[in-house]
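What follows is the residue order along each chain.
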Amino acid sequence: MADHARRAAGELEADVLGTLWAADEPLTPGQVRERLGDELAYTTVLTILTRLHAKGAVTRAASGRGHAYTPAFDEAEMAASRMRAVLDRGSDREAVLARFVGDLTEDDERTLLGLLRRATPPRNP
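An account of the accompanying structure is given in this report.

Thresholds, definitions, all that
- Residues numbered from 1 in each chain as written.
- Predicted model: local features only at pLDDT ≥ 70, side-chain atom pairs only at ≥ 80, totals over all residues.
- Heavy atoms only, no water.
- Helix = DSSP H or I, 4+ residues; strand = E, 2+ residues; numbered from the N terminus.
- Rg over C-alpha atoms; globule rule 2.2 N^0.38 Å.
- Buried < 20%, exposed > 50% of the residue type's maximum accessible area, 1.4 Å probe, protein only.
- Contact = heavy atoms within 4.5 Å.
- Expected span 1.5 Å × (residues − 1).
- Patch = residues over 30% accessible without salt bridge, like charges linked within 9 Å, V, L, I, M, F, W, Y side chains within 5 Å.
- Areas by Shrake-Rupley, 256 points an atom, 1.4 Å probe, with all protein chains shown as cover.
- Salt bridge = Lys/Arg side-chain N within 4 Å of Asp/Glu carboxyl O.
- Axes fitted to C-alpha atoms, helices over the stretch in contact; angles between N-to-C directions.
- Parallel < 35°, antiparallel > 145°, perpendicular 65-115°, else oblique.
- Left-handed = near helix turned anticlockwise from the far one by under 90°.
- Nonpolar A, V, L, I, M, F, W, Y, C, P; charged D, E, K, R; others polar.
- 1 Å grid on protein atoms, 1.4 Å probe; cavity = no way out; pocket = protein on both sides within 12 Å on 5 of 7 lines; lining within 4 Å.
- Points joined across faces, edges and corners; volume = space filled by probe spheres on them.

1. What to know about the overall build of the chain
Line of reasoning, step 1. Scanning the chain from N- to C-terminus turns up 6 helices and 2 strands.
Line of reasoning, step 2. Radius of gyration (C-alpha) of the chain: 19 Å, far over the 14 Å computed for a compact globule of 125 residues.
Line of reasoning, step 3. Its C-alpha atoms give the chain principal-axis dimensions of roughly 65 × 35 × 30 Å.
Line of reasoning, step 4. Put simply, the chain has 125 residues, and 20% of those count as buried.
Line of reasoning, step 5. Long-range pairs, those at least 24 residues apart, make up 41% of the contacts in the chain with a sequence separation of at least 6.

Dropping the structure here:
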């Protein structure tokens, strides 16, 4: 057994998705395992990929006797989806947004303001 601490399933999913996002092509479970550079069992990687497929986070296509996997969304789309899910679960959207905005750096605030200005159509006087 490896000396490192055992990772949670969510962390493994994030690692597998990161590996797929970094790839220029679809990857088989064996290729994902190899690129992770970890001592994970092939079956563990396959299980994570199967779960991600069931969640709609990855797509798969036949490759030899198995499948090759590709992310269904880019990293930004996935993060935005998670943020929307957190907002939708909360009972006080304004409080959640206020806390989020309150923790932004000045650069992030400027970026957000610019995005909001571009997303909001000008009003007619």
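There is more to say after this.
2. Considerations on helix H3 (residues 42-54)
Line of reasoning, step 1. Here H3 is 13 residues long and its end C-alpha atoms lie 18 Å apart, about the 18 Å a rise of 1.5 Å per residue gives.
Line of reasoning, step 2. Looking one or two residues past H3, Gly-56 carries a phi angle of roughly 85°, positive in sign.

3. Focus on a nonpolar patch on the surface
Line of reasoning, step 1. A contiguous nonpolar surface patch, about 260 Å² in accessible area, is contributed by Met-83, Phe-100 and Val-101.
Line of reasoning, step 2. The residue Met-83 is located in helix H4 (residues 75-89) in this model.

4. As for the packing of H4 against helix H5 (residues 93-102)
Line of reasoning, step 1. Two elements in contact, H4 and H5, have axes separated by 8 Å at closest approach and are oriented at 135°. One way to sum up the angle between H4 and H5 is to call them oblique. For the crossing formed where H4 meets H5, the hand is right-handed. Each of Met-83, Leu-87 and Asp-88 in H4 lies in contact with H5, whose residues at this interface are Arg-93, Val-96, Leu-97 and Phe-100.
Line of reasoning, step 2. Counted by class, the contact of H4 with H5 contains 5 nonpolar, no polar and 2 charged residues.

5. Here we look at the layout of surface pockets
Line of reasoning, step 1. Of the pockets and cavities examined, the largest pocket occupies roughly 430 Å³.
Line of reasoning, step 2. Contributing to the lining of the largest pocket are 15 residues, with Met-83, Leu-87, Leu-97, Phe-100 and Leu-112 lying nearest its centre.
Line of reasoning, step 3. A breakdown of the residues in the lining of the largest pocket according to their chemical character gives 11 nonpolar, 1 polar and 3 charged.

Note that all results are geometric; they support no functional claim without further evidence.
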